[in-house]
Amino acid sequence: MDCLFCKIAAKEIPAKIVHEDEELVAFEDISPQAPVHILVIPRQHISRLNDLQPEHDELVGKIIRLAKKLAKERDIDQAGYRVVMNCNEQAGQSVFHIHLHLLGGRAMQWPPG
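Anyway, here's the lowdown on the structure attached to this text. For clarity, every value in this text was computed on a predicted model and none was experimentally measured.

## Quick word on unusual backbone geometry
For step 1, the next point in the chain: For the peptide bond that leads from Trp110 to Pro111, omega is 0 degrees, which places it in the cis range.
For step 2, the next point in the chain: Mapped onto the fold, Pro111 is located in the segment after β5 (100-104).
For step 3, the next point in the chain: Of note, the phi angle at Asp75 is positive, near 60 degrees, even though the residue is not glycine.
For step 4, the next point in the chain: Assignment of secondary structure puts Asp75 in the loop between α2 (57-73) and β4 (81-84).
For step 5, the next point in the chain: In this structure Asp75 comes out as exposed when scored by relative accessible area, which is 63%.

As structure tokens, then:
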């Protein structure tokens, strides 16, 4: 498979990994949009949110809980943080492997885009 995030998870491409376990990998975004900008990905390749199935419910919950844990570790949990998952080009998805953006360390604007 020629997926950038699959290659990062397999350590074929270097990244600043901040967490990894049997199901998830989290790493710093190479083009951060906030002082804290971490991507959380499943090791399992799922292209887009539209491809999620009921059997992925537990995995998605783990992605969200890891974002919460990383926010606490980065000391942004009390001030506030944003989690974003984009789906398809018009929403800003550029890598077609589901991923959660954890952003924090500065005030966020609304609407976001």
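## Focus on the sheet that holds strand β1 (residues 17-20)
For step 1, the next point in the chain: Here we have 5 strands laid out as an open sheet, ordered β1-β2-β3-β5-β4, and antiparallel in their pairing. In this open sheet, the two strands that pair with only one neighbour each are β1 and β4. The sheet shows a mean angle of 15 degrees between the axes of neighbouring strands, direction not considered.
For step 2, the next point in the chain: Both strand β3 (residues 36-42) and β5 contribute to a ladder of 5 bridges, which runs antiparallel. Looking across to β5, one finds that His37 is bridged to Leu103.

## What to know about the pattern of salt bridges
For step 1, the next point in the chain: Counted under the stated rule, the structure contains 9 salt bridges.
For step 2, the next point in the chain: Note that Asp2 and Lys7 form a salt bridge whose closest N and O atoms lie 2.8 Å from each other.
For step 3, the next point in the chain: Put simply, Glu73 and Lys69 hold a salt bridge, and the shortest N to O gap is 2.6 Å. Of the two residues, Glu73 and Lys69 are both situated in helix α2; the distance of 4 residues between them amounts to about one turn of the helix.
For step 4, the next point in the chain: Given a relative accessible area of 44%, Glu73 falls into the partly exposed group.
For step 5, the next point in the chain: Several salt bridges converge on common partners, so that one network encompasses Lys11, Glu20 and Arg43.

## Describing the environment of Ile76
For step 1, the next point in the chain: With respect to the element layout, Ile76 can be found in the loop between α2 and β4.
For step 2, the next point in the chain: You can call Ile76 buried: its relative accessible area is 6%.
For step 3, the next point in the chain: Sequence-wise, Ile76 and Gly104 are 28 residues apart; in three dimensions their C-alpha atoms are separated by 6.2 Å.
For step 4, the next point in the chain: Residues in contact with Ile76, not counting those within four places in the same chain, are Val36, Ala71, Tyr81, Leu102, Leu103, Gly104 and Gly105.

## Side note on the nonpolar core
For step 1, the next point in the chain: Of all hydrophobic cores here, the largest spans 16 residues; its most connected members are Val40, Ile63, Leu70 and Leu102.
For step 2, the next point in the chain: Looking at this core, the elements that each hand over two or more residues are β2 (24-28), β3, α2 and β5.
For step 3, the next point in the chain: If you tally residues by element for this core, the top one is α2, at 6 residues.
For step 4, the next point in the chain: Contacts of Ile63, omitting those with residues within four sequence positions, involve Leu24, Val40, Pro42, Ile98 and Leu100.
For step 5, the next point in the chain: Counting 10 residues, the second-largest nonpolar core is a separate cluster that includes Cys3, Cys6, Phe27 and Ile41.

Definitions and cut-offs
Residues numbered from 1 in each chain as written. Predicted model: local features only at pLDDT ≥ 70, side-chain atom pairs only at ≥ 80, totals over all residues. Heavy atoms only, no water. Helix = DSSP H or I, 4+ residues; strand = E, 2+ residues; numbered from the N terminus. Buried < 20%, exposed > 50% of the residue type's maximum accessible area, 1.4 Å probe, protein only. Pairing = 2+ DSSP bridges. Axes fitted to C-alpha atoms, helices over the stretch in contact; angles between N-to-C directions. Salt bridge = Lys/Arg side-chain N within 4 Å of Asp/Glu carboxyl O. Contact = heavy atoms within 4.5 Å. Core = buried A, V, L, I, M, F, W, Y, C linked by side-chain atoms within 4.5 Å.

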